[in-house]
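Chain by chain, the residues:
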Amino acid sequence: NAGVTQTPKFRVLKTGQSMTLLCAQDMNHEYMYWYRQDPGMGLRLIHYSVGEGTTAKGEVPDGYNVSRLKKQNFLLGLESAAPSQTSVYFCASSYFIRRTGGHQETQYFGPGTRLLVL
Amino acid sequence: SQKIEQNSEALNIQEGKTATLTCNYTNYSPAYLQWYRQDPGRGPVFLLLIRENEKEKRKERLKVTFDTTLKQSLFHITASQPADSATYLCALGEAGNMLTFGGGTRLMVKP
């Protein structure tokens, strides 16, 4: 099993350009997430998905869009990149554990995508 | 929303000693708390999960405690090795909500 994979590994964009980051998982997980990680800020949730065809906003969704057309894939789009979006982006996935209150548990992360916006 | 505090300064210890990392949180206690390890240039990797009704959890040389009165979790690595050098993240989970991650503490184990 490859686990969680991300493409590309590194990208340089000019301000105003667009791009799509691809995340794929082969663990049949229901939940998928996109985070960004900046020095001293920790991991911040951008968007997440609780199943195929569904998406929701996280803590820092502005400037990003997502789609989950297939269960195994979760795409993160930047329509008009800004220097403030320079960051390392991580995708993660998890099972949905049907307990009381129902919450996901262990998250499996991809290797990350380093994005530089000039 | 929850605020999570992890020591942003690196923790430097000698090989063989016990490393202790701290995770403090504000507001209400989470349903569970997780610890992840992150190596440079890589994604976080899950280590341990402890629930609100558990005081302590162990896995090999790792031990996690959860004190809901102090609103604190401690992460211990006994008999530390240089290979344990990494950044360690704590994350709080609440029923129906997503995980909230701390900023992480970098651990350096010197031989």
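Residues numbered from 1 in each chain as written. Chains lettered and ligands numbered in written order. Predicted model: local features only at pLDDT ≥ 70, side-chain atom pairs only at ≥ 80, totals over all residues. Heavy atoms only, no water.

## Digging into the sheet that holds strand E3 (residues 19–25) of chain A
Residues and elements named next belong to chain A. Inclusion rule: Pairing between strands is defined by DSSP: at least two bridges between them are needed. Helix numbers and strand numbers start at the N terminus; a helix is a DSSP run of H or I with at least 4 residues, a strand a run of E with at least 2. Interaxial angle, 0 to 180 degrees, is taken between N-to-C directions of lines fitted to C-alpha atoms, where a helix line uses only the stretch in contact.
The four strands lie next to each other as E1-E3-E8-E7, forming an open sheet whose pairing is antiparallel. Whereas interior strands pair on both sides, the edge strands pair on one side only; in this sheet they are strand E1 (4–7) and strand E7 (65–67). Taking each pair of neighbouring strands and ignoring which way they run, the sheet shows an average axis angle of 20 degrees. As paired strands, E1 and E3 are joined by four bridges and run antiparallel to one another. Note that in E3 the partner of valine 4 across the bridge is glutamine 25.

## A word on the layout of surface pockets
The condition that has to hold: With a 1 Å grid laid over protein atoms only, a set of points is called a cavity when a 1.4 Å probe fits there but cannot get out and a pocket when it is open yet has protein on both sides within 12 Å along at least five of seven lines; lining residues have an atom within 4 Å of a point. Grid points are joined across faces, edges and corners, and a volume is the space filled by probe spheres set on the points. For this classification, the nonpolar set comprises Ala, Val, Leu, Ile, Met, Phe, Trp, Tyr, Cys and Pro, the charged set comprises Asp, Glu, Lys and Arg, and every other residue, Gly included, is treated as polar.
Taken as a whole, the largest pocket encloses approximately 1,100 Å³ of empty space. Along its surface, the largest pocket is lined by 46 residues, and Met41(A), Gly42(A), Leu43(A), Gly102(B) and Gly103(B) are the ones closest to its centre. Of all the secondary-structure elements, those providing two or more residues to the lining of the largest pocket are strand E4 (31–38), strand E5 (42–51) and strand E9 (87–94) of chain A together with strand E1 (4–6), strand E9 (86–93), strand E10 (100–101) and strand E11 (105–110) of chain B. Element by element, the count of residues in the lining of the largest pocket is highest for E5(A), at five residues. Partitioned by chemical class, the residues of the lining of the largest pocket number 18 nonpolar, 18 polar and 10 charged. Estimates place the volume of the second largest pocket at around 220 Å³.

## Overview of the pattern of salt bridges
Side-chain pairs of opposite charge can arise where the charged atoms are in close proximity. Residue and element names in this part refer to chain B. Put simply, the rule is: Salt bridge, as applied in this entry: a Lys or Arg side-chain nitrogen positioned within 4 Å of an Asp or Glu carboxyl oxygen.
As enumerated under the stated definition, the model contains seven salt bridges over all chains in all. Here lysine 57 and glutamate 54 are joined by a salt bridge, their closest N and O atoms 3.6 Å apart. For aspartate 84, the salt bridge is made with arginine 61, and the minimal N-O distance between the two is 2.9 Å. Highlighted residues: aspartate 84 in the loop between strand E8 (72–77) and E9 and arginine 61 in the loop between strand E6 (56–59) and strand E7 (62–67), separated in sequence by 23 residues.

## Observations regarding unusual backbone geometry
Residues and elements named next belong to chain A. Just so we agree on the cut-off: Burial here depends on accessible area, computed with a 1.4 Å probe over protein chains only, as a share of the maximum for the residue type. Under 20% is buried, over 50% is exposed, and the range in between is partly exposed.
A cis amide bond, omega -5 degrees, links threonine 7 with the succeeding residue proline 8. As for its placement among the helices and strands, proline 8 is situated in the loop between E1 and strand E2 (10–13). Phi at asparagine 28 is positive, roughly 60 degrees, even though this residue is not glycine. Here asparagine 28 is to be found in the loop between E3 and E4. Classification of asparagine 28 by relative accessible area gives exposed; the value is 52%.

## Comments concerning the environment of Phe101(B)
What counts, and what does not: In this analysis, two residues are considered to be in contact whenever any of their non-hydrogen atoms come within 4.5 Å of each other.
Take Phe101(B): it is sitting in strand E10. Using a relative accessible area of 6% as the deciding quantity, one classes Phe101(B) as buried. Note: C-alpha distance between Phe101(B) and Cys90(B) (11 residues apart in sequence) is 5.9 Å. Setting aside anything within four residues of it in sequence, one finds Phe101(B) in contact with Tyr35(A), Leu43(A), Gln107(A), Phe109(A), Ile4(B), Tyr36(B), Leu89(B), Cys90(B) and Ala91(B).

## Topic: the sheet that holds strand E3 (residues 19–25) of chain B
Residue and element names in this part refer to chain B. Strands sit in the order E1-E3-E8-E7-E6 across an open sheet of five strands; the sheet is antiparallel. Each of the sheet's edge strands pairs with one partner strand only, and the pair in question is E1 and E6. Here the strands of the sheet are splayed against their neighbours by 15 degrees on average, with no regard to which way each runs. Here E7 pairs with E8 via six bridges, running antiparallel. Considered in E8, the bridge of threonine 65 is made with leucine 74.

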